[in-house]
Amino acid sequence: MTIPHGLLPEGLRDRLPPEAAAQTRIARALLDTIATHGYDLVSPPLVEFEEGLTGRLMEGRAKDTLRFVDPVSQRTLALRPDITIQIGRIASTRLASAPRPLRLAYGGPILKLRASQLAPAREIMQVGAELIGRDSVAAACEIVQVAVEALRATGVESVTVDLTLPDLVETLAGRVLAVEDIAKLKTLLDMKDAGALIAAGFSDWLPLMATTGPVTESIEKLRAFNHAGLLTSRIDGIAAVAEAIGDAARVTIDPTERHGFEYQSWFGFSLFAENISGEIGRGGSYVIVGPDGSEEPATGFSLYPDALLESPIPANAPTLFVPLGIPPVLAAQFRNEGYRTIAALDADCDAAKLGCSHRLTNGKAVLL
Ligand SMILES: N[C@@H](Cc1c[nH]c[nH+]1)C(=O)O
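As the structure is a computational prediction, the values presented were derived from the model and not from experiment.

J.: How should the side chain of T299 be read in this particular structure?
T.: Its location among the elements puts T299 in strand β12 (residues 295-303). Look at T299 and you get buried, because its relative accessible area is 1%. Contacts of T299, omitting those with residues within four sequence positions, involve E130, L131, R134, D135, A139, A140, I143, G284, S285 and Y286.

Here it is as structure tokens:
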């Protein structure tokens, strides 16, 4: 069957005006804000050797990676499903001797093998920052603050940060439950199904489900669930992060949320905004495994700015039609003043049809 002209594979699409411009503008605003906090931009390739990418991923993400055989190297290559993994590779190899903490930023497309009904796009933009060499409370505070500030710089007003403790169940149950039971308990907690939890003999864990909610109450409830003080450092940690966020965002806690946190350790967070459906980003602490098996702590976040394109796209700058025969310096003057200019190339060019708001007439910008 021949593929109709112009058809793209499922989950892939063109971004047209004005959406493409809005996407670039948002990514730039995010990266500019991240850069002001001392994060240096790196730009890893779209494709790498499969082992390099999937070897560093937990199972969930590895399954979601698109691979192909490269006719040149005869090796299996993979398209990156997450730039954080590439940053880990760079930090543990080429930048292994750079001073720590190392602050790196990135932005570019990632690709997922499968789209879902809720997330139909397979190619999405990812912009983020990774703080390498630390997974302390101070690192968590910085990372969340930079993420919130970057989002706000794009014009998003009310941000919600949902804090989570990705390794909470292991920490609490590691010594009392068998590995299979831990896996079962985690699945039931993920489903937030109280009945099933009781039926499976995990009723002791019910109060944990009720700890989800606004930060102050949630921390109190978590402290009450803090058996043998196993959670003290974690609870103190998220309380400190919540305080550091202050009024910049609404803070909630969902201590058992693990979806999307396959490799994060003691600390994780998701970002949401008013009027935007779904998550806009997430982050947390994790471990980078080096080529010799050595481990280095890190903390970071990734934002998915495509979600922000749902909000109204601001209009273009005023666009000035420059008729035939106008000296180029005159048009340049108007560009310096903030106009976009569209130059007539021949007599067929029509200002209105080309979307201009003004026409250059007698040396002045006149509204069409
Ligand atoms: N890359 C992760 C988020 C993250 C960045 N750094 C640590 N965690 C994700 O997109 O889910």
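J.: Can you walk me through the side chain of H358 in this structure?
T.: With respect to the helices, strands and loops of the structure, H358 is situated in strand β15 (residues 358-361). Residue class for H358 comes out buried when judged on its relative accessible area of 12%. At 2.8 Å, the side chain of H358 and the side chain of S357 are in polar contact.

J.: Even after reading the chapter, I still don't get the site of the ligand, so can you show me in this structure?
T.: In the region of the ligand, 16 residues are neighbours, and T84, Y263, R282, S302 and Y304 sit closest. With respect to the ligand, the side chain of T84 contributes an N or O atom lying 2.8 Å from a nitrogen atom. A distance of 2.4 Å is found between an oxygen atom of the ligand and a side-chain nitrogen or oxygen belonging to Y304. Summarising the interface, the protein chains cover 100% of the accessible area of the ligand, which totals 300 Å² for the free molecule. For the shell around the ligand, the element with the most residues is strand β11 (residues 276-289), which contributes four residues.

J.: Help me understand the pairing of strand β7 (residues 159-164) in this model?
T.: Strand residues, when the strand is regular, have side chains that alternate between the two faces of the sheet. Taken across its six residues, β7 has six buried, putting it largely inside the fold. Side-chain alternation along β7 places V159, V161 and L163 on one buried face and T160, D162 and T164 on a second face that is also buried. Two strands pair when backbone bridges link them, and β7 and strand β10 (residues 264-273) are joined in this way by six bridges, in the antiparallel orientation. For T160, the partnering residue across the bridge sits in β10 and is F272. Pairing of β7 with strand β9 (residues 250-253), which is carried by four bridges, proceeds in the parallel orientation.

J.: Could you clarify how one ought to interpret the environment of E142 in this entry?
T.: Mapping E142 onto the fold places it in helix α5 (residues 137-153). In this structure E142 touches Y39, R103 and L131, once residues within four positions along its chain are discounted.

J.: Explain unusual backbone geometry here, please?
T.: When glycine is set aside, most residues are seen to have a negative phi, and most peptide bonds are trans. Residue P18 is reached from P17 by a cis peptide bond, and omega for that bond is 0°. Along the chain, P18 falls in the segment before α1 (19-36). A cis geometry characterises the amide bond from R100 onward to P101, with omega recorded as -5°. You can see P101 is positioned in the loop between α4 (83-92) and β5 (102-111). Of note in this structure, K192 is not a glycine but carries a positive phi near 50°. Inspection of the secondary structure assignment puts K192 in the loop between α7 (179-191) and α8 (194-199). Phi at N275 is positive, roughly 65°, even though this residue is not glycine. Tracing the sequence through the fold places N275 in the loop between β10 and β11.

J.: Sorry, what's going on with the packing of aromatic side chains here?
T.: Given two aromatic rings, their pairing is described by the distance between the two centres and the angle made by the two planes. Under the defined criterion, the tally for this structure stands at five aromatic pairs. Seen in terms of ring centroids, F334 and Y339 are 5.6 Å apart; in terms of plane orientation they differ by 70°. Their pairing is edge-to-face. By relative accessible area, F334 is classed as buried at 7%. Put simply, the rings of W266, F267 and F269 pair up and form one aromatic cluster. Over the aromatic face of F49 sits the side chain of R75, whose NZ or CZ is 4.7 Å from the ring centroid.

J.: Even after reading the chapter, I still don't get the nonpolar core, so can you show me in this structure?
T.: Taken as a class, soluble globular proteins show a tendency for nonpolar side chains to be buried jointly. Core analysis: the biggest nonpolar cluster contains 63 residues, and L163 and F269 have the highest contact counts within it. If one sorts the elements of this core by residue count, α5 sits on top with ten residues. Listed in part, the 15 residues of the second largest apolar core include V42, Y106, Y286 and Y304.

J.: Looking at this structure, I do not really get the sheet that holds strand β16 (residues 364-367). What am I missing?
T.: Within a sheet, adjacent strands bond to each other through the backbone by hydrogen bonds, running parallel or antiparallel. Here we have four strands laid out as an open sheet, ordered β14-β13-β15-β16, and mixed in their pairing. Every other strand in the sheet has two partners, leaving β14 (340-343) and β16 as the edge strands with one partner each. Taking each pair of neighbouring strands and ignoring which way they run, the sheet shows an average axis angle of 35°. The pairing of strand β13 (residues 319-322) with β14 spans four bridges and is parallel. If you follow V322 over to β14, its bridge partner there is A343.

J.: Explain the UniProt feature "binding site: L-histidine" (unreviewed entry) in the chain to me, please; I cannot follow it from the model alone.
T.: Following the UniProt record, the feature "binding site: L-histidine" (unreviewed entry) maps to D82, I83, T84, Q126 and E130 here. In three dimensions, the annotated residues from a span of 49 residues occupy one location, with a maximal C-alpha spread of 12.7 Å. Topologically, I83 is positioned in helix α4. Discounting residues that sit within four places of it in the chain, I83 has contacts with P44, Y106, G107, G108, I110 and Q126. Considering the arrangement of structural elements, one finds T84 in helix α4. Given a relative accessible area of 4%, T84 falls into the buried group. Look past the residues within four positions of T84 in its chain and what remains in contact with it is Y106, Q126, E130, Y263, Y286 and S302.

The rules behind these values
Residues numbered from 1 in each chain as written. Predicted model: local features only at pLDDT ≥ 70, side-chain atom pairs only at ≥ 80, totals over all residues. Heavy atoms only, no water. Helix = DSSP H or I, 4+ residues; strand = E, 2+ residues; numbered from the N terminus. Buried < 20%, exposed > 50% of the residue type's maximum accessible area, 1.4 Å probe, protein only. Contact = heavy atoms within 4.5 Å. Polar contact = N/O pair within 3.5 Å; in protein donor to acceptor, adjacent residues only side chain to side chain. Near = heavy atom within 4 Å. Areas by Shrake-Rupley, 256 points an atom, 1.4 Å probe, with all protein chains shown as cover. Pairing = 2+ DSSP bridges. Phe/Tyr/Trp six-rings, centres within 6.5 Å; stacked < 30°, edge-to-face > 60°. Lys NZ or Arg CZ within 6 Å of the ring centre and 35° of its normal. Core = buried A, V, L, I, M, F, W, Y, C linked by side-chain atoms within 4.5 Å. Axes fitted to C-alpha atoms, helices over the stretch in contact; angles between N-to-C directions. UniProt positions renumbered as here; feature names shortened; annotations may be inferred.

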